[in-house]
Amino acid sequence: NQFRVLMGFPAFAGGSTRQVSFLAQGASLPGQTVTDVPVNYRGRVLHVAGDRTFGAWQITVLNDTDFGIYRSFERWMNRINNLTNNSGLTDPVSYKVDSAVEHLDRNERLLKTYKFIGMYPTGLQDIPLAFDTNSTIETFTVDLIFDYFETDLGGARPGGGNEATFSANINL
């Protein structure tokens, strides 16, 4: 159950892909749903495949002492919708990025890759503060939404190529 998160960040957010990859404590492989469209025909209901939808994708990140990743997500979300004046970026190309999650075996060999296209954060969860959690490392969860994902059908990366090529494709 090993994995690696390759989180792309817009330049204005200042996030570190390597730091997220190291500090990501939890992630998931994306879910998907193909909706059902019932069609009434001659007294029967025929079922036809409808639209494919994707839910939000979550990652859980260990918080470091300088709040580096947390602050990057805060900056990213603030550019999408400013905290003080409710203004923000209007062109989705300005705030959407491509990212990926890699499922690895025990020897860190790639089992499967999911590349998320058009991703941005929609939720930055709170970090609970309490005196009784002094031996617990702080974590936070980020909810991200994406347009769609690409996945490989074997051990190769989507679109082929090596890690450098793949990383370049997600603007790391």
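None of the values given here were measured: they were computed from a predicted structure.

**What to know about the overall build of the protein chain**
In terms of helices and strands, the protein chain carries 4 helices and 9 strands. If you list the helices and strands of the protein chain from N to C, you get β-α-β-β-β-β-α-α-β-β-β-β-α. Per-residue burial over the protein chain gives 34% buried out of 172 residues. Contacts in the protein chain between residues far apart in sequence, at least 24 positions, make up 64% of those at least 6 positions apart. Accessible area for the protein chain stands at about 10,600 Å²; split by element, carbon and sulfur atoms hold 50% of it.

**Details of the nonpolar core**
In terms of nonpolar packing, the biggest core is built from 27 residues, with Met7, Trp57, Ile59, Phe73 and Phe140 touching the most fellow members. Elements supplying a minimum of two residues to this core: helix H1 (17-23), strand E5 (57-62), helix H2 (68-80), strand E6 (97-104), strand E7 (110-124) and strand E8 (139-145). Setting aside residues no more than four positions away along its own chain, Phe73 makes contact with Met7, Phe9, Ile59, Pro121, Leu124, Phe140, Val142 and Leu144.

**Some points on the pairing of strand E4 (residues 44-53)**
In terms of strand pairing, strand E3 (residues 33-41) meets E4 through 8 bridges, oriented antiparallel. Looking at E4, one finds that Asn40 is bridged to Val45.

**Focus on the layout of surface pockets**
Estimated volume of the second largest pocket: approximately 150 Å³. Lining the second largest pocket are Ile127, Pro128, Leu129, Ala130, Thr133, Thr136, Ile137, Glu138 and Thr139. Here the lining of the second largest pocket is built from residues that sort into 5 nonpolar, 3 polar and 1 charged.

Rules used in this analysis
- Residues numbered from 1 in each chain as written.
- Predicted model: local features only at pLDDT ≥ 70, side-chain atom pairs only at ≥ 80, totals over all residues.
- Heavy atoms only, no water.
- Helix = DSSP H or I, 4+ residues; strand = E, 2+ residues; numbered from the N terminus.
- Buried < 20%, exposed > 50% of the residue type's maximum accessible area, 1.4 Å probe, protein only.
- Contact = heavy atoms within 4.5 Å.
- Areas by Shrake-Rupley, 256 points an atom, 1.4 Å probe, with all protein chains shown as cover.
- Core = buried A, V, L, I, M, F, W, Y, C linked by side-chain atoms within 4.5 Å.
- Pairing = 2+ DSSP bridges.
- 1 Å grid on protein atoms, 1.4 Å probe; cavity = no way out; pocket = protein on both sides within 12 Å on 5 of 7 lines; lining within 4 Å.
- Points joined across faces, edges and corners; volume = space filled by probe spheres on them.
- Nonpolar A, V, L, I, M, F, W, Y, C, P; charged D, E, K, R; others polar.

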